[in-house]
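# Understanding the architecture of this molecule
Listed below, chain by chain, are the residues.
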Amino acid sequence: MKLDKYTVGKRYGKALFELAIENEAADAVYQELLTIREICKEIPDLGNILTDVRLESAEKKAIMDAFTGGFDGIVKNFLLVVFEYNRSDDLPFMIEEFEHRYDELNKIAHGTVTTAVPLSQEKKQELEAKVADVFGYQKATLTPLIDESILGGVIVEADHQVIDGSLASQLNGLRAALSKK
């Protein structure tokens, strides 16, 4: 049975997370994984190249040596195991799983904030602090989105919950209430 990328990502990410916790290295591993994610964004075909059957193993090994050269310890060993088991193309899913577990441990929420006009950095930070407080997290990181159709206000999505404080939503609620009378 062939495992899908998500299942593989969950297994490897979980194993790496547990190893990092065991070695009291979760923060360091997390930072290195962010670097790996950036490398994968800059070279989106890296995983495919490292798993390509058309390349000689010596060629793949040379690429892998260059890739792992900037890492050591847990992360380097992890990358070598992933390479050995021919799972390099699943690295983004593994990093995602590790990050999910890391965020849970550190009570960090990720989400989006939709506004009709761009938010200032100061307002974004205020909103992140308020969202963290409301949802019971230490910290919230919100990705700003612009949608002029909401007219005004904000829509926050985080922790699988939505707070819709948009003007469009309030107007629709008022319309619905008026049409019932």
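Above this text sits the structure in question.
Residues numbered from 1 in each chain as written. Predicted model: local features only at pLDDT ≥ 70, side-chain atom pairs only at ≥ 80, totals over all residues. Heavy atoms only, no water.

By secondary structure assignment, the location of serine 166 is in strand 4 (residues 161-166). At a separation of 2.7 Å, a polar atom in the side chain of serine 166 contacts the side chain of aspartate 164. Filtering out sequence-adjacent residues up to four positions away, serine 166 remains in contact with Ile150, Gly152, Gly153, Val154 and Ile155. (Helix = DSSP H or I, 4+ residues; strand = E, 2+ residues; numbered from the N terminus. Polar contact = N/O pair within 3.5 Å; in protein donor to acceptor, adjacent residues only side chain to side chain. Contact = heavy atoms within 4.5 Å.)

Read across the sheet, four strands follow the order 2-1-3-4 without closing on themselves; strand pairing throughout is mixed. Only two strands of the sheet have a single partner each, and these edge strands are strand 2 (139-146) and strand 4. Averaged over neighbouring strand pairs, the angle between their axes works out to 20° when direction is ignored. Across six bridges, strand 3 (residues 153-158) lies against strand 4 in antiparallel orientation. The residue of strand 4 that forms the bridge with glutamate 157 is valine 162. Of the strands in this sheet, strand 1 (108-115), strand 2, strand 3 and strand 4 touch helix 7 (residues 121-135), which is tilted by about 125° from strand 2. (Pairing = 2+ DSSP bridges. Axes fitted to C-alpha atoms, helices over the stretch in contact; angles between N-to-C directions.)

Our next topic: the environment of leucine 16. Within the secondary structure layout, leucine 16 lies in helix 1 (residues 5-22). A relative accessible area of 3% places leucine 16 in the buried class. Here the alpha-carbon distance between leucine 16 and alanine 58, two residues 42 residues apart in the chain, equals 27 Å. When neighbours within four sequence positions are excluded, leucine 16 is seen to be in contact with Val29, Leu33, Ile74, Phe78 and Phe98. (Buried < 20%, exposed > 50% of the residue type's maximum accessible area, 1.4 Å probe, protein only.)

What follows concerns the nonpolar core. One finds Val29, Ile36, Phe78, Leu79, Leu91 and Phe98 to be the most contacted residues of the largest nonpolar core, which totals 29 residues. Where this core is concerned, the elements lending two or more residues are helix 1, helix 2 (26-42), helix 3 (46-51), helix 4 (57-68), helix 5 (73-84) and helix 6 (91-105). If sequence neighbours within four positions are ignored, isoleucine 36 has contacts with Phe67, Phe71, Val75, Leu79, Leu91 and Ile95. Counting ten residues, the second-largest nonpolar core is a separate cluster that includes Ala109, Leu127, Ala140 and Ala158. (Core = buried A, V, L, I, M, F, W, Y, C linked by side-chain atoms within 4.5 Å.)

That is the geometry; function is a separate question.
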